[in-house]
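So the chains spell out like this:
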Amino acid sequence: MQQRGRLGPKQSNEPKMTAQGITLGSAADSTGPAKELPGAKDAKKGGTVSVLQRDAFEHLDPGQIYVSDELIMQTLYNRTLTNYRIDDKTGKVTLVGDLATDTGKSSDGGRTWTYTLKDGLKFEDGTPITSKDVRHAVERLYAPFETNGPTYLQQWLSGEGQKYRKALPDGPYKGKHLPKSVLDTPDEKTVVFHFDQPRAEVPFAVAMPNIGAVPPGKDTKEKYDKAPVASGPYKIKNFKPGKGIQFVKNDQWDPKTDPIRHQYVNTFDVSFGHQWVDSTRRLVADKGADKNGMTWTNAVDPSQISAVLKNKDAMARSMTETQPYVDVVSINTDRVKNKKVREAIAWAFPSGQYLQQFGGPKGGETAGGLVGPTLKGYNPDFDPFQKKKYPGGNAKKAKELLKEAGEEGYELVYAYGNGDTHQDASVVVQQALERAGFTVQKKEIDQTTYYTQIGKVDNKYDLYRSSWSADWPSASTVVPPVYGGKNVYNDSANYSHLNVPAVNKEIDRVARVGDLSRATSEWMKLGEKVLTDEIPAVPTFYNRLFTLWGSGINGTKWNPIYGAVDPTAVFIK
């Protein structure tokens, strides 16, 4: 999962703990309604919560969603086969059935997974949700226009990289379907996935936003990105691209089917274009409509952190949480082919000073590796380019490497988003790289389409910031999608375009490891090896979010999967 600005054992009747304390829930855990929040009973029902966001939502189609702010946004209107229930008091996370009655039943040694849909599920127009809607949601992901979302399930069903698209080149739009031997819907309630090898992590893969339900008769293909049909407690109203969007109550949603979400407020009124400076000032001031205001992903502006820390009122309505995202600066290996030059970049990059532009300790922790501290097996001592020792970069070491490579004065094109913090950070980056002997040309990119621009394989940039989170708590969702050679294509997360046979071979080997504990260890080792042997990116920092909300709302909680403030239990006091 990408951030603008992401291990389950076989299903059984007993809950089991997986990496980072996520419980695989039972059928009983999957029943609704969600537990009533303390204080919500006596609180004002309805009302409008204003949401201040920096970046405009580029996608609403769940099949196209893969960045942090859109991921948390879709939890209001989009339901998936499984999903994460977050305890409002303890923050404990349990994977439960969402559209499905449980987290799935495996057979055939883990090659077959069966899901049964709950009774009482409806779309916003009152139409019952059936297995054909789930099948359609999966099959439309094969269509050429679906380019931005996760591809785990499609690849597991029909082939790695972009090969899966050959199984259904037009999606379901010309009357063709995946064979029953791959995806079967024997009745209106049952969905069966067949894989060619055991897939223990299927319960997590079907929690991704694109594995839900889409009614075939209401699927407008590309236009669905502006007006998807809701299955959750809210539906979309007044979407104005670049300006804002409203989410209003969906009266066809049945809380008895939903163990995760509430429907306390009438409207979430989201407006775009609020830089962190603006949202911080407004939420600290706590005036007018901002009393019932919040942000899902905006951080406290770095220049205002010290003042906020001294403001007891503001701190009483704040949270600081470690996010699952690892910020890196990807190196375009198609353009920077010399490994010694990439090594010089890694030594020169000022990760500590860069982090200061994003809030210092409140914004994150200086990173040594490509896999962060929210995953089991994380090694805090792994820091091959000594980022903690040299927060401003080691210019002397970098100069020596450039001289050895015969590339003194090497010209780099550094691309960055046009948000305030990224503009400030670009100055720090340029100065550090030039101290090390590089020539730097800066290129500013519109923040709204930033990932689309750097996601082009033929982009003209050498360095660009990206941020990636495990899609679920396993490094299997970090190393293969971000550094596997089969994932070099437009809009892929492999922004460095790394395609090394030895790495690809090792990814294939570890993917076949059946024991999840052993596989976790192997993925972590491979992540370290990729960084030291290939240097496709420079680790910068492990993200934290320090954020605020207005005094008039309650029910805010942390979503550790998406690394954002969860809106599904918010109510007005």
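Each value, and the rule that gives it
- Residues numbered from 1 in each chain as written.
- Predicted model: local features only at pLDDT ≥ 70, side-chain atom pairs only at ≥ 80, totals over all residues.
- Heavy atoms only, no water.
- Helix = DSSP H or I, 4+ residues; strand = E, 2+ residues; numbered from the N terminus.
- Rg over C-alpha atoms; globule rule 2.2 N^0.38 Å.
- Buried < 20%, exposed > 50% of the residue type's maximum accessible area, 1.4 Å probe, protein only.
- Areas by Shrake-Rupley, 256 points an atom, 1.4 Å probe, with all protein chains shown as cover.
- Lys, Arg positive; Asp, Glu negative; His and termini not counted.
- Charge placed at Lys NZ, Arg CZ, Asp CG, Glu CD.
- Axes fitted to C-alpha atoms, helices over the stretch in contact; angles between N-to-C directions.
- Parallel < 35°, antiparallel > 145°, perpendicular 65-115°, else oblique.
- Contact = heavy atoms within 4.5 Å.
- Nonpolar A, V, L, I, M, F, W, Y, C, P; charged D, E, K, R; others polar.
- Polar contact = N/O pair within 3.5 Å; in protein donor to acceptor, adjacent residues only side chain to side chain.
- Pairing = 2+ DSSP bridges.
- Salt bridge = Lys/Arg side-chain N within 4 Å of Asp/Glu carboxyl O.
- Arc of directions from axis to C-beta.
- pLDDT = per-residue confidence, 0-100.
- Core = buried A, V, L, I, M, F, W, Y, C linked by side-chain atoms within 4.5 Å.
- Phe/Tyr/Trp six-rings, centres within 6.5 Å; stacked < 30°, edge-to-face > 60°.

A.B. asks: Mind laying out the overall build of the protein, listing which residues take part and the relevant values?
C.D. replies: What the protein contains, in helices and strands, is 15 helices and 23 strands. Taken over the C-alpha trace, the protein has a radius of gyration of 23 Å; the compact-globule value for 573 residues is 25 Å, and the two agree within 12%. Out of the 573 residues belonging to the protein, those deemed buried represent 61%. Total accessible area on the protein is roughly 21400 Å²; 48% of this is exposed by carbon and sulfur atoms. Taking the average place of the 76 positive charges on the side chains of the protein and the average place of its 68 negative ones, the gap between the two points comes to 1 Å.

A.B. asks: Before we move on, could you go through the packing of helix H8 (residues 339-348) against helix H10 (residues 395-405) and cite the residues and values that matter?
C.D. replies: At a minimum axis distance of 8 Å, the contact between H8 and H10 shows a crossing angle of 170 degrees. Taken together, the axes of H8 and H10 are roughly antiparallel relative to one another. The residues of H10 that touch H8, namely those facing Lys340, Val341, Glu343, Ala344, Trp347 and Ala348, are Lys397, Ala398, Leu401, Leu402, Glu404 and Ala405. Looking at the contact of H8 with H10 residue by residue, the classes come out as 8 nonpolar, no polar and 4 charged.

A.B. asks: With reference to specific residues and values, describe the side chain of His136.
C.D. replies: Within the secondary structure, His136 sits in helix H2 (residues 131-139). Using a relative accessible area of 7% as the deciding quantity, one classes His136 as buried. A distance of 2.7 Å separates polar atoms of two side chains, one belonging to His136 and the other to Asp219.

A.B. asks: An account of the sheet that holds strand S3 (residues 48-52) is requested, with residue identities and associated values reported.
C.D. replies: Spatial strand order, S10-S11-S12-S3-S13: 5 strands in an open sheet with mixed pairing. Bordering the open sheet on either side are strand S10 (234-240) and strand S13 (293-294), each of which pairs with just one other strand. Looking at chain direction, S10 and strand S11 (residues 244-249) are connected through 5 bridges and run antiparallel. Bridge assignment links Lys235 to a residue of S11, and that residue is Val248.

A.B. asks: For the pairing of strand S14 (residues 318-331), give the residues involved together with the corresponding values.
C.D. replies: Most of S14 sits inside the fold, with 11 of its 14 residues counted as buried. As judged from the 7 bridges shared by S14 and strand S18 (residues 463-469), these two strands associate in the antiparallel manner. Bridge pairing links Tyr325 to Ser469 in S18.

A.B. asks: Lay out H8 with the relevant residues and their values.
C.D. replies: Counting buried residues along H8, 7 of its 10 residues qualify, which places the element largely inside the surrounding structure. Every buried residue belonging to H8 is among Val341, Arg342, Ala344, Ile345, Ala346, Trp347 and Ala348, and all of these are buried.

A.B. asks: Describe the pattern of salt bridges, and please don't skip the residues or the numbers.
C.D. replies: Here the structure, examined in full by the defined rule, presents 29 salt bridges. Residues Arg54 and Asp55 are paired through a salt bridge, measuring 3.0 Å at the closest nitrogen-oxygen approach. The shortest N-O distance in the salt bridge between Glu139 and Arg135 comes to 4.0 Å. With a gap of 4 residues between them, Glu139 and Arg135 both fall in helix H2, about one helical turn apart. Take Glu139: its relative accessible area is 0%, and that puts it in the buried class. Taken together, the salt bridges that share partners define one network made up of Asp61, Arg140, Glu146 and Asp219.

A.B. asks: Quick one: what's the story with helix H5 (residues 276-285), residue by residue and with numbers?
C.D. replies: Along H5, the positions that sit buried rather than exposed are Trp276, Ser279, Thr280 and Leu283. Buried residues of H5 fall within an arc of 100 degrees about the axis and therefore sit on the same side. Where H5 is buried, its residues touch S3, S13, helix H6 (305-309), helix H11 (420-435) and strand S19 (537-548).

A.B. asks: If you had to explain the confidence of the model for the protein to someone new, which residues and values would you point to?
C.D. replies: This prediction gives the protein a mean pLDDT of 93; 96% of its residues lie at or above 70. Note on residues 6-19: pLDDT under 50 across the span, and 52 contacts to partners over four residues away in sequence or across chains.

A.B. asks: Which residues make up the side chain of Ser131, and what values go with them?
C.D. replies: Structurally, Ser131 is set in helix H2. With a relative accessible area of 4%, Ser131 lands in the buried category. A distance of 2.6 Å separates a polar side-chain atom of Ser131 from the backbone oxygen of Asp187. Those residues within four positions of Ser131 in sequence are excluded, and the remaining contacts are Leu117, Thr185, Asp187, Glu188, Lys189, Thr190 and Val191.

A.B. asks: Tell me about the nonpolar core, and name the residues and values.
C.D. replies: Within soluble globular proteins, side chains that are nonpolar tend to cluster in buried spots. Within the largest apolar cluster, 154 residues are counted, with the highest numbers of intra-cluster contacts made by Leu81, Phe193, Phe247, Phe268, Trp296 and Phe438. Once residues within four sequence positions are removed from consideration, Phe247 is found in contact with Met73, Leu76, Tyr77, Tyr234, Lys235, Ile236, Asn266, Thr267, Phe268, Val270 and Trp296. By size, the runner-up hydrophobic cluster in this structure holds 8 residues, among which are Val300, Ile305, Ala314 and Phe546.

A.B. asks: Describe the packing of aromatic side chains, and please don't skip the residues or the numbers.
C.D. replies: For the structure shown, the criterion picks out 28 aromatic pairs. Between Tyr84 and Phe204 the ring centres are 6.4 Å apart and the planes differ by 35 degrees, which places this aromatic pair in the tilted class. Taken together, the positions of Tyr84 in strand S4 (residues 82-86) and Phe204 in helix H4 (residues 202-205) put the pair 120 residues apart, joining distant regions of the chain. By relative accessible area, which is 0% here, Phe204 ends up buried.

A.B. asks: Explain the sheet that holds strand S7 (residues 112-116) to me, using residue names and the numbers behind them.
C.D. replies: Read from one edge to the other, the open sheet built from 4 strands follows the order S6-S7-S9-S8, with strand pairing classed as antiparallel. The open sheet has two edge strands with one neighbour each: strand S6 (105-107) and strand S8 (183-187). Taking each pair of neighbouring strands and ignoring which way they run, the sheet shows an average axis angle of 25 degrees. Pairing of S8 with strand S9 (residues 190-194) involves 3 bridges; the strand directions are antiparallel.

A.B. asks: Give a description of unusual backbone geometry that names residues and reports values.
C.D. replies: Backbone torsion omega between Gly32 and Pro33 reads 0 degrees, so that peptide bond is classified as cis. The phi dihedral of His497 is positive, around 60 degrees, even though this residue is not glycine. Relative to the elements of secondary structure, His497 occurs in the loop between helix H13 (479-483) and helix H14 (501-511).

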